[in-house]
Protein chains: 2
Amino acid sequence: MKIAIDAMGGDHAPEVNVRGAMLATKQWKDIEIILVGDSKQIDPLLDTTFPNITVNHTDEMISGDEEPVRAVRRKKNSSMVLAGKMVKDRSADAMISSGNTGALMATGLLVMGRIPGVERPALAPMLPTMDNVGLLALDLGANMDASAEHLVQYAIMGNIYRTKIHGMDSPRVGLLNVGTEKGKGSEITKEVYPLLEQLPINFIGNVEARDVLNRNCDVLVCDGFVGNILLKAMEGTASNVFSVLKVELTKNLLRKAAAAILKSSLSAFKKKMDYTTYGGAPLLGVNGVCIKSHGSSDANAVKNAIGQARNAIEKKLVDSIASEIRNEGNNR
Amino acid sequence: MKIAIDAMGGDHAPEVNVRGAMLATKQWKDIEIILVGDSKQIDPLLDTTFPNITVNHTDEMISGDEEPVRAVRRKKNSSMVLAGKMVKDRSADAMISSGNTGALMATGLLVMGRIPGVERPALAPMLPTMDNVGLLALDLGANMDASAEHLVQYAIMGNIYRTKIHGMDSPRVGLLNVGTEKGKGSEITKEVYPLLEQLPINFIGNVEARDVLNRNCDVLVCDGFVGNILLKAMEGTASNVFSVLKVELTKNLLRKAAAAILKSSLSAFKKKMDYTTYGGAPLLGVNGVCIKSHGSSDANAVKNAIGQARNAIEKKLVDSIASEIRNEGNNR
């Protein structure tokens, strides 16, 4: 199977992408990787004894601060857009990028296109949980507003991802809401609740933001606006706690000694809260496998994203989504 | 000035309400307090040497788990509804309750009524910040959905509260959003942004959930659904951090010793994160002063809520809101 990598995307590009590709082809013999990007920068980093890696040269790239849709429309030869085109014309089975998230979503929508029947693709990262298992949340930023029908499709796609790719048996699908009772919430959550009840999934009802860290569900359904607020609130709180602890723990010698004793448990907890350790986020609903790896990914994270893409290809993720979405449409 | 207290509301009612009332009349000689509730329970707790406290007897009360609107409609002689009626017919200048939040909002809306021109009252608690100053957030739960016009009114009311009651000079009003750039967000946030720019307030633009703890604004404007998700996500994360720390800090003797050294700083931080220490939440936009004190309030918290109500009466909060909302309506 062929996996195209936007070699110029991410904070440490192209180095970590090249090294991640080498790690991946070493581990999985059944993949071929196409590094899309500037060969002048890529070639010196690439060990040519790795037979399953080729370079697809382009000078153009989309940077992290460009306006997404505009960048994708204008930079038709950028590494990201070209990787997307390879999936579109089936010269690759999947694409991966650690670059501009908005641009990747635009590439998914405008270059790769949607699976027939899917109204909106959704970005579905894993959120950290205290048991280190994580939960899949969608949509986390592909679309700010979502109708009830969009949320229904998010639930279906999230359920498929956890079942097929994570091998979960009957993942618990929850609707992010302000209380667990059925009648709670906004007009949209009230409208979507009975629709989710009718789906052939394990819908467990409303779930609250305060219990996300305790893994109150396996698939968390929300619109991109609320999902972003949730994620940022959790990140901001955790990061502030650590800042305060850092100050408190270095105030005097005695405290420094106490801090040394607690160092391992504090860093274990910090890692627990870091959602980048849970792998890349699939862009679900686009007509091809597309994985967003975190901007700060190292070579190992890129390798893991490649493994994730490989898994999604093998398990026929896109076909499954197409078929379930078609079924849901027929049942309405 | 006269302040009616729902003496039967809250986890520790009526005791903390009676004691809070005594503490308040001791501190402020210009207030009269009417304790509304069961005199059989209140009288034994009340020191009759306090001249400025009277009891308005009723047997009926609304409990914490009752369906709010239904409870307020049916229990017309409940302590909460009677306190609301006293404000409505001007036999009290303010009311306070530590009881059922939903029922108090319904009491505000159905019994006290809205200030002319105000479309939706908003519940406006203080959110904790690392500098212990806090920020006023609204709406945090009075209404799940909000139109752009509702958000405009929240901004106006929040600005008045911080200016008049907290004595802030030009409080920074921020719009909760997924990014700080002007074009970011949902349809509603995009629609309201230019409207907020036109108000005679210090609108600083979009603010992000991750920076709320760093007091990125003084008045945070959001709809009740998103506000609730934000608050619960922050609470849930903080509470999980403390649970983990507690486990880690008691794993062995050495760690227990380390924990003892850090105890004071950890509890200071825990207190910092506890939004109940920032006072009661005004229900802004109802035609009278109405303060929601936290359900777990102790006598001191009740006393502080009384002080807050006294301040709001003295500064003519309701008149100010009425006048600013009228002005805004005229300028449209």
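Residues numbered from 1 in each chain as written. Chains lettered and ligands numbered in written order. Predicted model: local features only at pLDDT ≥ 70, side-chain atom pairs only at ≥ 80, totals over all residues. Heavy atoms only, no water.

## Some remarks on the relation of the copies chain A and chain B
Thinking step 1. Screw-axis analysis of chain A against chain B gives a translation of 0.0 Å along the axis, an RMSD of 0.1 Å, and a rotation angle of 180°. What the rotation and shift describe, once combined, is the action of a two-fold rotation axis. Considering only C-alpha atoms, the part of chain A nearest the rotation axis is Ala 258 of chain A, at 2.2 Å.
Thinking step 2. When you check the interface residues of chain A against chain B, 100% turn up at the interface there too, and the contact is symmetric in its surfaces. (Least-squares fit on C-alpha atoms with pLDDT ≥ 70 in both. Contact = heavy atoms within 4.5 Å.)

## Structural notes on the pattern of salt bridges
Residues and elements named next belong to chain B.
Thinking step 1. One pass over the full model with this rule turns up 24 salt bridges over all chains.
Thinking step 2. For the salt bridge of Glu 15 with Arg 19, the shortest nitrogen-to-oxygen distance reads 3.5 Å. In this pair, Glu 15 and Arg 19 both sit in helix H1 (residues 15–27), four residues apart, roughly one turn of the helix.
Thinking step 3. Relative accessible area serves as the criterion here: at 39%, Glu 15 is assigned to the partly exposed category. (Salt bridge = Lys/Arg side-chain N within 4 Å of Asp/Glu carboxyl O. Helix = DSSP H or I, 4+ residues; strand = E, 2+ residues; numbered from the N terminus. Buried < 20%, exposed > 50% of the residue type's maximum accessible area, 1.4 Å probe, protein only.)

## Describing the side chain of His 150 of chain A
All names here are of chain A.
Thinking step 1. If you trace the backbone, His 150 turns up in helix H6 (residues 148–165).
Thinking step 2. The exposure class of His 150 is buried, given its relative accessible area of 8%.
Thinking step 3. Leave out the neighbours within four places in its chain, and His 150 touches Glu 119, Arg 120 and Asp 145.

## What to know about the sheet that holds strand S4 (residues 94–97) of chain A
All names here are of chain A.
Thinking step 1. Strand order in the open sheet formed by seven strands is S3-S2-S1-S4-S12-S11-S5, with mixed pairing between adjacent strands. Single-partner strands in this sheet number two, and they are strand S3 (53–57) and strand S5 (122–123).
Thinking step 2. Two elements, strand S1 (residues 2–6) and strand S2 (residues 32–37), share five bridges in a ladder whose sense is parallel. Following the sheet pairing, Ile 3 is matched in S2 by Ile 33.
Thinking step 3. Across the sheet, helix H1 (residues 15–27) lies against S1, S2 and S3, angled at about 175° from S2, the strand it touches most. (Pairing = 2+ DSSP bridges. Axes fitted to C-alpha atoms, helices over the stretch in contact; angles between N-to-C directions.)

## A closer look at the sheet that holds strand S8 (residues 172–177) of chain A
The strands making up a sheet associate through backbone hydrogen bonding, with each pair oriented either parallel or antiparallel.
All names here are of chain A.
Thinking step 1. Overall, mixed pairing links the five strands, which are arranged S6-S7-S10-S8-S9 in an open sheet. Strands at the two margins of the open sheet, each flanked by one partner only, are strand S6 (126–127) and strand S9 (202–208).
Thinking step 2. In the sheet, strand S7 (residues 135–138) pairs with strand S10 (residues 219–221) via three bridges, with the strands oriented parallel. In the sheet register, Leu 138 faces S10, and the bridge partner there is Val 221.

## Structural notes on the interface of chain A and chain B
Thinking step 1. Taken together, the 43 residues of chain A in the interface contact 43 residues of chain B.
Thinking step 2. Buried surface at the junction of chain A and chain B, summed over both partners, amounts to about 3900 Å²; 74% is from carbon and sulfur atoms.
Thinking step 3. Inspection of the region where chain A meets chain B yields four salt bridges.
Thinking step 4. Its salt-bridge partner being Lys 232 of chain B, residue Glu 208 of chain A comes within 3.1 Å of it at the nearest N-O pair. (Buried area = accessible area lost by both parts, 1.4 Å probe.)

## Concerning the packing of aromatic side chains
All names here are of chain B.
Thinking step 1. Considering all chains together, one arrives at two aromatic pairs over all chains under this definition.
Thinking step 2. Between Tyr 193 and Phe 203, the aromatic rings sit 5.1 Å apart at their centres with planes inclined by 75°, giving edge-to-face as the arrangement. Taken together, the residues Tyr 193 in helix H7 (residues 187–197) and Phe 203 in strand S9 (residues 202–208) connect sequence positions ten residues apart. A single burial state applies to Tyr 193 and to Phe 203, both of which are buried. (Phe/Tyr/Trp six-rings, centres within 6.5 Å; stacked < 30°, edge-to-face > 60°.)

## Side note on the domain arrangement of chain A
Residues and elements named next belong to chain A.
Thinking step 1. When cut into domains, chain A gives domain 1 (1–118 + 285–332) and domain 2 (125–276).
Thinking step 2. Domain 1 and domain 2 are separated by 25 Å when their C-alpha centres are compared.
Thinking step 3. Counting from both sides, the interface comprises 18 residues of domain 1 and, opposite them, 14 residues of domain 2.
Thinking step 4. Together, the buried faces of domain 1 and domain 2 total about 1400 Å²; carbon and sulfur atoms form 67% of this surface.
Thinking step 5. At the boundary of domain 1 and domain 2, one finds zero salt bridges.
Thinking step 6. At the boundary of domain 1 and domain 2, one finds four residue pairs in polar contact (both at pLDDT 80 or more).
Thinking step 7. Contributing elements (two or more residues each) for the side of domain 1 that touches domain 2: helix H10 (299–314) and helix H11 (317–331).
Thinking step 8. Looking at which element gives the most residues to the side of domain 1 that touches domain 2, the answer is H11, with six residues. (Domains from an automatic or database assignment. Polar contact = N/O pair within 3.5 Å; in protein donor to acceptor, adjacent residues only side chain to side chain.)

## Notes on the packing of helix H8 (residues 224–249) of chain B against helix H9 (residues 253–272) of chain B
Residues and elements named next belong to chain B.
Thinking step 1. Between H8 and H9, the shortest axis-to-axis distance is 10 Å and the interhelical angle comes to 160°. The angle between H8 and H9 falls in the class roughly antiparallel. Two packed elements cross with a definite hand, and for H8 against H9 that hand is left-handed. In contact with Phe 242, Leu 245, Glu 248 and Leu 249 of H8, H9 contributes Arg 255, Lys 256, Ala 259, Leu 266, Phe 269 and Lys 270. (Parallel < 35°, antiparallel > 145°, perpendicular 65-115°, else oblique. Left-handed = near helix turned anticlockwise from the far one by under 90°.)

## Some points on unusual backbone geometry
Thinking step 1. The omega torsion of the bond from Ala 13 of chain A to Pro 14 of chain A falls at -5°, within 30 degrees of zero and hence cis.
Thinking step 2. Here Pro 14 of chain A lies in the loop between S1 and H1.
Thinking step 3. Residue Asp 139 of chain B is bonded to the preceding Leu 138 of chain B through a cis peptide linkage, with omega at 5°.
Thinking step 4. Relative to the helices and strands, Asp 139 of chain B resides in the loop between strand S7 (135–138) and helix H6 (148–165).
Thinking step 5. Here Asn 132 of chain B, not a glycine, exhibits a phi torsion of approximately 65°, which is positive.
Thinking step 6. With respect to the helices, strands and loops of the structure, Asn 132 of chain B is situated in the loop between strand S6 (126–127) and S7.
Thinking step 7. Accessibility expressed as a relative area gives 46% for Asn 132 of chain B, which makes it partly exposed.
Thinking step 8. We note that Arg 215 of chain B has phi near 50°; this positive angle belongs to a residue other than glycine.

## Topic: the nonpolar core
Thinking step 1. One finds Leu 127, Leu 220 and Leu 230 of chain A together with Leu 127, Leu 220 and Leu 230 of chain B to be the most contacted residues of the largest nonpolar core, which totals 68 residues.
Thinking step 2. Taken together, the elements giving at least two residues each to this core come down to S7, helix H8 (224–249) and helix H9 (253–272) of chain A together with S7, H8 and H9 of chain B.
Thinking step 3. When near neighbours in sequence (up to four residues on either side) are disregarded, Leu 127 of chain B contacts Gly 134, Leu 135, Ala 137, Leu 140, Val 212, Leu 220, Leu 230 and Leu 231 of chain B. (Core = buried A, V, L, I, M, F, W, Y, C linked by side-chain atoms within 4.5 Å.)

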